[in-house]
There are 2 protein chains.
Amino acid sequence: MSFSVHILGSGAALPTGRRQPTSQYINCNERHILIDCGEGTQQQLRNYGIKLQRIAHICISHLHGDHFFGLPGLLSTMHLLGRDKKLSIYGPAGLENLIRAFLEAGGHPLTFDIQFQVVDPSVQTCVFEDNLIRIEAFALKHRIPTFGYRILEKEKPRHLIQEAIQEAGLLIEDYHKLKAGLDIERDGRIYKNADFTLAAKKPLSYAFCSDTKAVESYLPAISGTTLLYHEATFTEQHKERAKVTFHSTAAQAAQQAQNANCTYLLLGHFSSRYADETQHVIEAKAIHNKVLAATDGLLIDLEKIARYF
Amino acid sequence: MSFSVHILGSGAALPTGRRQPTSQYINCNERHILIDCGEGTQQQLRNYGIKLQRIAHICISHLHGDHFFGLPGLLSTMHLLGRDKKLSIYGPAGLENLIRAFLEAGGHPLTFDIQFQVVDPSVQTCVFEDNLIRIEAFALKHRIPTFGYRILEKEKPRHLIQEAIQEAGLLIEDYHKLKAGLDIERDGRIYKNADFTLAAKKPLSYAFCSDTKAVESYLPAISGTTLLYHEATFTEQHKERAKVTFHSTAAQAAQQAQNANCTYLLLGHFSSRYADETQHVIEAKAIHNKVLAATDGLLIDLEKIARYF
């Protein structure tokens, strides 16, 4: 099992020499997900040696250019490399028409199917689910319709204690029930699950909130998340600017993480006006004790997340 | 006076670690022109220290992604940096609608005016002209409507020989006629222009042909050009592939340069299947004696062009 977050771009609207526009690549139990796709994302995937044809899901937060202008190029490249596997794209209304218009201008149909799914801004939605993971979308509060996303591992089956099972004479057909946490009843006797299994590791989760004003409405959607990526475009010095532009300060991001009981906080989407993010981290750490500033190329293994903070 | 060509991207449809998709920045007598704008062009402009707000003209060849997917991002960045100067964009029908749709999705009007000019594929057109330069567009032969562009310096005024002028007692009001190459008539006497002026340097010119099959139809439009950039997607080994995809081999590009009497030939738009462009140059040099392979970052000063070849 694996759960990693690879930051491809941690900058805001204006790309700089150090920070590309927003994009992140998530591998959750071999489900490969891209969140946002700013201009140059395909080049960043190449720079970091990520196999782009593995991506099966693309989550787009909103239609500001620094979050989706790289999508036509990425899809073109997937096409040129002969992709035949379906791709799912989740995002705001209007995205499909824009992307199809750009691709169709080239005059050739894609070699693969894209399934666009418009996210409903009025409710928290599950956009994808299988036996191992779940991807949820929820509304943020920005100048145009904008979504956050959360990726969660499913509860894992309990680990079997083989020695105890063999000693008690339990059978292979009991394994499924035991892994699911159920007791076994045989010949009038109850075999208590706790004697034959160990709890699996707690499922991990990752949430992405960018761009947004720090408001209460999306706290339930990120409640208890292991790692929260939250935009921190500004420091407190530019709090007024954050308010006007529907962005967050680092302190506000930390307060959201604190209120939603998120264990770790990763800050990003830093305005290009700051030479570095030291001040952002200082201000956030005054409120939340596990804070890190994202950098382009940062790869976080959630199974070992304590190492990074 | 100045005339330089800066290659921002010399690759074909698939960007690689070495080659970005097509874009070039031309400074012709302080008229700043971008030809094509593949994804990542704004980052390449930044990488090479080019002031993007200086660009006043953007020429787009065609609507394949590797030639225009960087345009929305570049325009957004110009907007975010507070541009107020008008921008002219020349290109195929349909470009304006695509770009405006992408920009309008972000929900804010641009801070500057864009004047889109649809190029007529049926005739050779002058899309811009002032006292110093001229930009011409002409049809190439690709799978979708595609244009080449030529940028020409205007004839420069003749240089005055001040000593001879003063000795003959010619007047300041004669200068204009002398610079224009005319004789002066005064008191029945003819002052021959050639005795009082020297010829100015021959005007330089640059032509861009990508993407295209090598056909006769555009030879008149590039005839006698100082420097021709011609696509050379393939080597002779893949001649059949060039034919099917409406591209050129390096040898075909050289034959076009030779037939159109272009002094220097710059090859580009190399397919990502080639590890290097040695074979392209060998094949082209068998036909034309002044050949260079473009690389990303190559900056050619046309006033000193002999140095590069």
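Residues numbered from 1 in each chain as written. Chains lettered and ligands numbered in written order. Predicted model: local features only at pLDDT ≥ 70, side-chain atom pairs only at ≥ 80, totals over all residues. Heavy atoms only, no water.

A. Spotlight on the side chain of Ser76 of chain A. Tracing the sequence through the fold places Ser76 of chain A in helix 3 (residues 71-80). Among the residues examined, Ser76 of chain A registers a relative accessible area of 17% and is labelled buried. Among all residues touching Ser76 of chain A, those that are not within four sequence positions of it are Leu103 of chain A together with Phe69 of chain B. (Helix = DSSP H or I, 4+ residues; strand = E, 2+ residues; numbered from the N terminus. Buried < 20%, exposed > 50% of the residue type's maximum accessible area, 1.4 Å probe, protein only. Contact = heavy atoms within 4.5 Å.)

B. Broad picture of the pairing of strand 7 (residues 125-129) of chain A. All names here are of chain A. Direction of pairing for strand 7 relative to strand 8 (residues 133-139): antiparallel, over a ladder of four bridges. Across the sheet, Glu129 pairs through a bridge with Arg134, a residue of strand 8. Where strand 7 folds back onto strand 8 in an antiparallel hairpin, the turn is made up of three residues. (Pairing = 2+ DSSP bridges.)

C. Spotlight on the relation of the copies chain B and chain A. When chain B is brought onto chain A, the operation consists of a screw motion whose angular component is 179 degrees and whose axial shift is 0.0 Å, with 0.2 Å RMSD remaining. The symmetry that links the two subunits is that of a two-fold axis. Considering only C-alpha atoms, the residue of chain B closest to the rotation axis is Gly40 of chain B, which sits at 2.7 Å. In this assembly, 100% of the residues forming the interface of chain B have copies in chain A that are likewise at the interface, indicating an isologous arrangement. (Least-squares fit on C-alpha atoms with pLDDT ≥ 70 in both.)

D. Just the environment of His32 of chain A, in detail. Residues and elements named next belong to chain A. Examined against the element boundaries, His32 turns out to sit in strand 3 (residues 31-37). When its relative accessible area of 6% is taken as the criterion, His32 is described as buried. Measuring from C-alpha to C-alpha, the distance between His32 and Gln53 comes to 9.4 Å, with 21 residues separating the pair along the chain.

E. Representation of the pairing of strand 16 (residues 264-268) of chain B in the model. Residues and elements named next belong to chain B. In terms of burial, strand 16 is a largely internal element, five of the five residues being buried. Neither face of strand 16 is open: one carries Tyr264, Leu266 and Gly268, the other Leu265 and Leu267, and all of them are buried. Direction of pairing for strand 15 (residues 227-231) relative to strand 16: parallel, over a ladder of five bridges. Opposite Tyr229, over in strand 16, you have Leu266 as the bridge partner. Judged from the three bridges that link them, strand 16 and strand 17 (residues 291-293) form a sheet pairing that is parallel.

F. Looking closely at the interface of chain B and chain A. Of the residues lining the interface, 34 residues belong to chain B; the matching set on chain A comes to 34 residues. Between chain B and chain A lies a buried interface of about 2,600 Å² when both sides are counted; carbon and sulfur atoms form 66% of it. For the pair chain B and chain A, the number of links is zero salt bridges. Where the side of chain B that touches chain A is concerned, the elements lending two or more residues are helix 1 (41-47), helix 3 (71-80) and helix 4 (95-104) of chain B. The greatest single-element share of the side of chain B that touches chain A, amounting to six residues, is contributed by helix 3 of chain B. Along the lines of polarity and charge, the residues of the side of chain B that touches chain A split into 17 nonpolar, 15 polar and two charged. (Buried area = accessible area lost by both parts, 1.4 Å probe. Salt bridge = Lys/Arg side-chain N within 4 Å of Asp/Glu carboxyl O. Nonpolar A, V, L, I, M, F, W, Y, C, P; charged D, E, K, R; others polar.)

G. Geometry of the sheet that holds strand 6 (residues 114-118) of chain B. All names here are of chain B. Taken together, seven strands build an open sheet; the order of strands is 6-5-4-3-2-1-18 and the sheet is mixed. Looking at which strands have only one partner, the edges of the open sheet turn out to be strand 6 and strand 18 (299-301). Ignoring strand direction, the axes of neighbouring strands in this sheet form an average angle of 15 degrees. Pairing of strand 1 (residues 3-9) with strand 2 (residues 23-28), which is carried by six bridges, proceeds in the antiparallel orientation. Residue pairing in the sheet places Gly9 in a bridge with Ser23 of strand 2. Strands in contact with helix 3 are strand 3 (31-37), strand 4 (57-59), strand 5 (87-91) and strand 6; relative to strand 5, the strand with the most contacts, it is inclined by about 170 degrees. This element, helix 4, spans strand 5 and strand 6 of the sheet and lies at about 150 degrees to strand 6. (Axes fitted to C-alpha atoms, helices over the stretch in contact; angles between N-to-C directions.)

H. Highlighting the pattern of salt bridges. All names here are of chain A. What the rule picks out here adds up to 28 salt bridges over all chains. Close ionic contact of Glu303 with Lys201 constitutes a salt bridge, the shortest N to O distance being 2.9 Å. Here Glu303 is found in the segment after strand 18 (299-301), whereas its partner Lys201 is found in the loop between strand 13 (197-198) and strand 14 (205-209), with 102 residues between them in sequence. We classify Glu303 as partly exposed; its relative accessible area is 27%. Connected through salt bridges with shared partners, the residues Glu129, Arg134, Glu136, Arg150 and Lys154 form a single ionic network.

I. Up close: the nonpolar core. Grouped together as the largest cluster of nonpolar side chains are 56 residues, with contacts concentrated most on Leu75 and Ile89 of chain A together with Leu75 and Ile89 of chain B. When sequence neighbours within four positions are dropped, the list of residues in contact with Leu75 of chain A reads Leu87, Ile89, Ile99, Leu103, Leu110, Phe112 and Ile114 of chain A. Counting 31 residues, the second-largest nonpolar core is a separate cluster that includes Ile7, Leu204, Tyr206 and Leu227 of chain A. (Core = buried A, V, L, I, M, F, W, Y, C linked by side-chain atoms within 4.5 Å.)

J. Quick peek at the sheet that holds strand 9 (residues 147-153) of chain A. All names here are of chain A. In spatial order, the strands read 7-8-9-14-15-16-17; together these seven strands make up an open sheet with mixed pairing. Only two strands of the sheet have a single neighbouring strand rather than two, namely strand 7 and strand 17 (291-293). Averaged over all neighbouring strand pairs, the angle between strand axes comes to 20 degrees, with direction disregarded. Across the face of the sheet, helix 9 (residues 250-259) comes into contact with strand 15 (227-231) and strand 16 (264-268) while running at roughly 155 degrees to strand 16.

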